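A structural walkthrough
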Amino acid sequence: IVDHCRQRGVAVFKVGQDIRIEDVTPRPDGQTFRVQGRHGTYPLATRLLGRHQAVNAATAVGLAEALMEQGLPVRPEAFPQGAAETFWPGRFERISRCPLIIVDGAHNPESMRILKETVKDHYPDKRVLVVLAVSADKDLRGIAGHLQGLASLIMCAGLLVATAITTCAGEQ
């Protein structure tokens, strides 16, 4: 990607180098952190859990700053509100506190690795039970490999997926 951009004269900014994340602090309902962009420092809070979500927010800040450089009307003072209001259903979404139930749509080995990391970071002392359903076109071995050392019980479930719409005789 970097070579492709450079060949076309497009600037490349990297999180961790040009854009930094500082002071990541987990909270019961999310996390806080600061993003040091190329044009300012932005204290942010999000209800999305996981270190990767701070990276996603820093990427969004970098993109917004690049758009500002191109003359688009971006308001950096809106960054905290954008981070605070961001919600991604089915991505480490807590649907119950007691008992604690978290839903996540991890569907490949990398997303399962991140899910495992996030569980260990935010709930290190909790007993973990996993209900797992995997489509036939997914890497079951790769996904399941990340469950080792995470779950004390894994329950496998089937998927019910409608692949076609059928009609009753005579209906149009």
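Residues numbered from 1 in each chain as written. Predicted model: local features only at pLDDT ≥ 70, side-chain atom pairs only at ≥ 80, totals over all residues. Heavy atoms only, no water.

1. Let's talk about the packing of aromatic side chains
Stated formally: Ring pairs shown here join Phe, Tyr and Trp side chains whose ring centres sit within 6.5 Å, with only the six-membered ring taken for Trp; geometry is labelled stacked below 30 degrees between planes, edge-to-face above 60, and tilted in between. Runs of E in the DSSP output that reach at least two residues are strands. Runs of H or I that reach at least four are helices, and both are numbered from the N terminus. Summary of the burial criterion: residues with accessible area below 20% of their type's maximum are buried, those above 50% are exposed, and those between are partly exposed, where the area comes from a 1.4 Å probe applied to protein chains only. Here, over-ring charges are defined by two tests on the NZ atom of lysine or the CZ atom of arginine: distance to the ring centre within 6 Å, and angle to the ring normal within 35 degrees.
Enumeration according to the criterion identifies 2 aromatic pairs in this entry. When the centroid spacing of 4.8 Å and the interplanar angle of 65° are considered together, the rings of Tyr 42 and Phe 79 count as edge-to-face. Here Phe 79 lies in helix α3 (residues 79–85) and Tyr 42 lies in strand β3 (residues 41–46), a separation of 37 residues in the sequence. Centre to centre, the rings of Phe 92 and Tyr 123 are 6.3 Å apart; their planes meet at 25°, and the pair counts as stacked. In this pair, Phe 92 sits in the loop between α3 and β4 (93–97) while Tyr 123 sits in the loop between α4 (109–122) and β6 (129–132), placing the two residues 31 residues apart along the sequence. On the accessibility criterion, Phe 92 (8% relative accessible area) is buried. A cation over a ring is seen here: Arg 38 above Phe 13, with NZ or CZ 3.4 Å from the ring centre.

2. So, a nonpolar patch on the surface
Note the cut-off: Nonpolar side chains (Val, Leu, Ile, Met, Phe, Trp, Tyr) within 5 Å and like charges within 9 Å form the patches, drawn only from residues with over 30% relative accessible area and no salt bridge. Note that accessible areas follow from Shrake-Rupley with a 1.4 Å probe, and for residues the cover is restricted to the protein chains shown. Put simply, a salt bridge is a Lys or Arg side-chain nitrogen that is within 4 Å of an Asp or Glu carboxyl oxygen.
On the surface, a cluster of nonpolar side chains totalling about 360 Å² of accessible area is made up of Leu 129, Val 131, Leu 153 and Met 155. Elements with a minimum of two residues in the nonpolar patch: β6 and β7 (153–156). Here Leu 129 is to be found in strand β6. Exposure remark for Leu 129: the relative accessible area of 44% places this residue in the partly exposed category.

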